[in-house]
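Given next are the chains, with one letter for each unit.
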Amino acid sequence: MTDAYIAGIAYHLPEQVVTNAALQVEQPDWDMTRLESKVGIRQRHIAAPDEAASDLGVAAANKLLDGMRIDRASIDVLLFCTQSPDYFLPTTACILQDRLGLPTTCAALDFNQGCSGYVYGLWLSRALVASGSARNVLLVTAETYSKFIHPQDRSVRVLFGDGASATLVTSTPGGARIGATILGTDGSGYGNLIVPAGGSRTPLGTATAVETTDENGSVRTPANLFMNGQELFLFTLKRIPDLVRRTLDAAGLAADDVRWYVFHQANTFMNDHLRTKLKIPKERAPLFMESCGNTVSSTIPIVLHEGSGDFAPGDPVMLVGFGVGYSWGACVLEWGEVVRVV
């Protein structure tokens with residue numbers, strides 16, 4: 001079986017920044033000092049009104065392809081992870097293929113996975129390389145959750161930021177080798193992180209524009225993002241420690257053998273509780289969300305880009321994604337020479 005390697009990573013954040021100070025002025029009744037101390041986010045980048053997920057994805061992918069001087073004709077597959085596609089149809093990956101100048105021999109597809117999406121994307125990329133179906137896979141993640149968030153919903157507005165990443169997965173040795181991977185799903189929790197209206201189940205209409213205010217003072221409509229934070233917290237503490245243990249077993253490693261644990265950057269409150277339950281030292285679980293927020297499927301590659309300066313070749317690195325769906329996934333990398341394109 002041919003091994004698959006992460007050769008390079010780039011990411012892109014939209015230009016507009018919304019700070020906690022700006023939110024405090026806009027929403028005087030929000031205690032942003034307390035919220036910042038709890039979630040660990042000081043600001044988030046927000047897509048412009050005319051900026052879509054494909055725009056962010058193209059920017060990240062161009063940065064990677066140009067920075068690594070990759071022959072675009074060598075890309076065999078483009079995988080695009082997003083829950084905020086440009087259109088209901090066509091597939092946004094097809095738009096990216098054209099805008100990036102990738103060959104028409106390149107397969108291109110979307111997958112809608114969210115917070116576990118990067119690990120799922122690496123799993124798909126590895127399978128394509130291992131089967132001989134592809135030599136070079138371009139994995140792009142991009143989200144514009146801000147377009148679904150009601151401006152007066154403090155439960156989600158303080159958390160999420162927009163952003164995109166691009167990763168080259170290749171059969172050429174030298175990068176971070178993708179190893180054992182464990183995935184899982186529990187669709188019974190789908191309603192705890194959801195945009196209820198806008199799909200074929202509940203089309204947009206007059207009723208879906210009606211605002212309601214919950215017991216915590218957050219305002220939203222059925223066309224906005226809803227999050228049950230308590231249920232997501234309980235789900236994470238229930239499922240993810242077992243996921244980590246099973247992934248360690250699949251890789252033939254003990255917990256202390258893994259040098260670095262890179263978790264989905266949900267918020268510092270959740271990540272600290274998870275790390276504490278797993279008895280992982282703080283210095284071995286890097287965080288990078290203070291300046292960009294929770295960017296959903298892009299959080300893990302952003303940490304790999306910004307927080308891997310101390311990673312050494314040969315270091316075992318575990319990636320752990322979890323959230324919306326519910327879905328979860330973890331994989332072990334053997335770290336190598338990964339290009340971090342600025």
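Now for a quick tour of the structure. Being a predicted model, the structure only gives us computed values, none of them experimental.

## A few points about the overall build of the chain
Link 1 in the chain: Scanning the chain from N- to C-terminus turns up 9 helices and 16 strands.
Link 2 in the chain: Computed over the C-alpha atoms, the radius of gyration of the chain is 19 Å, within 12% of the 20 Å expected from 2.2 N^0.38 for a compact globule of 342 residues.
Link 3 in the chain: Referenced to the eigenvectors of the C-alpha coordinate spread, the extents of the chain come out at roughly 55 × 45 × 35 Å.
Link 4 in the chain: Carbon and sulfur atoms make up 52% of the accessible area of the chain, which amounts to about 14,400 Å² in all.
Link 5 in the chain: Treating the 27 positive side-chain charges of the chain as one cloud and the 35 negative ones as another, the clouds have centres 5 Å apart.

## A short note on the packing of helix α7 (residues 229-251) against helix α8 (residues 268-278)
Link 1 in the chain: Between α7 and α8, whose axes approach to 10 Å, the crossing angle comes to 40°. In the crossing of α7 with α8, the sense of the turn from one axis to the other is right-handed. Between α7, through Leu232, Phe233, Thr236, Leu237, Ile240, Pro241 and Val244, and α8, the contact on the second element is made entirely by Phe269, Met270, His273, Leu274, Lys277 and Leu278.
Link 2 in the chain: By residue class, the composition of the contact of α7 with α8 is 10 nonpolar, 2 polar and 1 charged.

## Observations concerning the packing of aromatic side chains
Link 1 in the chain: Following the criterion strictly, the structure yields 9 aromatic pairs and no others.
Link 2 in the chain: A centroid spacing of 5.8 Å and a plane angle of 50° characterise the contact between Phe235 and Trp328, whose relative ring orientation is tilted. In this pair, Phe235 is assigned in helix α7 and Trp328 in strand β15 (residues 327-334), connecting sequence segments 93 residues apart. The burial state of Phe235 is the same as that of Trp328; both residues are buried.
Link 3 in the chain: Ring geometry for Trp260 and Phe311: centres 4.8 Å apart, planes at 25°, overall stacked. Within this pair, whereas Trp260 is found in strand β13 (residues 260-263), its partner Phe311 is found in the loop between α9 (299-306) and β14 (316-323), the two being separated by 51 residues in sequence.

## Section: α8
Link 1 in the chain: Residues of α8 that are buried include every one of Thr268, Met270, Asn271, Leu274, Arg275 and Leu278, and no others. Looking straight down α8, one finds its buried side chains confined to an arc of 160°; they lie on one side. Across from the buried face of α8, at angles greater than 90 degrees, the exposed residues are Thr276 and Lys277.
Link 2 in the chain: Check the buried side of α8 and you find it contacts α2 (32-39), α7, β13 and β14.
Link 3 in the chain: A distance of 3.1 Å separates the backbone nitrogen of Phe269 from a side-chain oxygen at the start of α8, and that oxygen is part of Asn267.

## Considerations on the packing of helix α3 (residues 53-67) against helix α4 (residues 92-99)
Link 1 in the chain: At their nearest, the axes of α3 and α4 sit 10 Å apart, and the two run at 40° to each other. The pairing of α3 with α4 is recorded here as oblique in orientation. For the element pair α3 and α4, the recorded crossing hand is right-handed. For the pair formed by α3 and α4, the contact residues are Ser54, Asp55 and Val58 on the first element and Thr92, Leu96 and Arg99 on the second.
Link 2 in the chain: Class assignment of the residues belonging to the contact of α3 with α4 gives a composition of 2 nonpolar, 2 polar and 2 charged.

## Description of unusual backbone geometry
For residues that are not glycine, phi is negative in most cases, and the peptide bond is trans in most cases.
Link 1 in the chain: Note that the residue after Leu89, namely Pro90, is joined by a cis bond; omega there is 15°.
Link 2 in the chain: For the peptide bond that leads from Gly325 to Tyr326, omega is -15°, which places it in the cis range.
Link 3 in the chain: Along the polypeptide, Tyr326 turns up in the loop between β14 and β15.
Link 4 in the chain: In the Ramachandran plot, Arg69 falls in the positive-phi region, its phi being about 55° despite a non-glycine side chain.

## Remarks on empty space enclosed by the protein
To find leftover empty space, one rolls a probe the size of a water molecule over the atoms.
Link 1 in the chain: Scanning the model with the defined rule gives 1 cavity of 30 Å³ or more in all.
Link 2 in the chain: The computed volume of the largest cavity comes to approximately 50 Å³.
Link 3 in the chain: Lining the largest cavity, in full, are Phe263, Asn271, Asp272, Arg275, Lys282, Ala285 and Leu287.
Link 4 in the chain: No other element matches the 3 residues that α8 contributes to the lining of the largest cavity.

## Some words on the pattern of salt bridges
Link 1 in the chain: Applying the stated criterion across every chain yields a total of 10 salt bridges.
Link 2 in the chain: The salt bridge involving Glu334 is made with Arg177; its shortest N-O contact spans 3.3 Å. A residue pair is termed long-range when its members are at least 10 positions apart, and Glu334 in strand β15 and Arg177 in strand β8 (residues 176-185) qualify at 157 residues.
Link 3 in the chain: Salt-bridge contacts for Arg220 lead to Asp214; the nearest nitrogen and oxygen are separated by 3.1 Å.
Link 4 in the chain: A residue is classified by how much of its surface remains accessible, and Arg220, at 10% relative accessible area, is buried.
Link 5 in the chain: A relative accessible area of 21% means that Asp214 is categorised as partly exposed.
Link 6 in the chain: Each of the salt bridges in this network shares a partner with another, and the network as a whole consists of Asp153, Asp214 and Arg220.

## Things to note about the layout of surface pockets
Link 1 in the chain: One number sums up the size of the largest pocket: a volume of about 1,100 Å³.
Link 2 in the chain: Contributing elements (two or more residues each) for the lining of the largest pocket: β5 (107-111) and β9 (193-194).
Link 3 in the chain: Class assignment of the residues belonging to the lining of the largest pocket gives a composition of 19 nonpolar, 13 polar and 5 charged.
Link 4 in the chain: Forming the boundary of the second largest pocket are 33 residues, of which Ser155, Met227, Asn228, Gly229 and Gln230 lie nearest the centre.
Link 5 in the chain: Residue assignment for the lining of the second largest pocket shows that the elements contributing at least two residues are α2, α6 (154-157), β12 (226-227), α7, α8 and β14.
Link 6 in the chain: If you tally residues by element for the lining of the second largest pocket, the top one is α7, at 5 residues.
Link 7 in the chain: Taken together, the residues of the lining of the second largest pocket sort by class into 16 nonpolar, 11 polar and 6 charged.

Conventions and cut-offs
- Residues numbered from 1 in each chain as written.
- Predicted model: local features only at pLDDT ≥ 70, side-chain atom pairs only at ≥ 80, totals over all residues.
- Heavy atoms only, no water.
- Helix = DSSP H or I, 4+ residues; strand = E, 2+ residues; numbered from the N terminus.
- Rg over C-alpha atoms; globule rule 2.2 N^0.38 Å.
- Areas by Shrake-Rupley, 256 points an atom, 1.4 Å probe, with all protein chains shown as cover.
- Lys, Arg positive; Asp, Glu negative; His and termini not counted.
- Charge placed at Lys NZ, Arg CZ, Asp CG, Glu CD.
- Axes fitted to C-alpha atoms, helices over the stretch in contact; angles between N-to-C directions.
- Left-handed = near helix turned anticlockwise from the far one by under 90°.
- Contact = heavy atoms within 4.5 Å.
- Nonpolar A, V, L, I, M, F, W, Y, C, P; charged D, E, K, R; others polar.
- Phe/Tyr/Trp six-rings, centres within 6.5 Å; stacked < 30°, edge-to-face > 60°.
- Buried < 20%, exposed > 50% of the residue type's maximum accessible area, 1.4 Å probe, protein only.
- Arc of directions from axis to C-beta.
- Polar contact = N/O pair within 3.5 Å; in protein donor to acceptor, adjacent residues only side chain to side chain.
- Parallel < 35°, antiparallel > 145°, perpendicular 65-115°, else oblique.
- 1 Å grid on protein atoms, 1.4 Å probe; cavity = no way out; pocket = protein on both sides within 12 Å on 5 of 7 lines; lining within 4 Å.
- Points joined across faces, edges and corners; volume = space filled by probe spheres on them.
- Salt bridge = Lys/Arg side-chain N within 4 Å of Asp/Glu carboxyl O.

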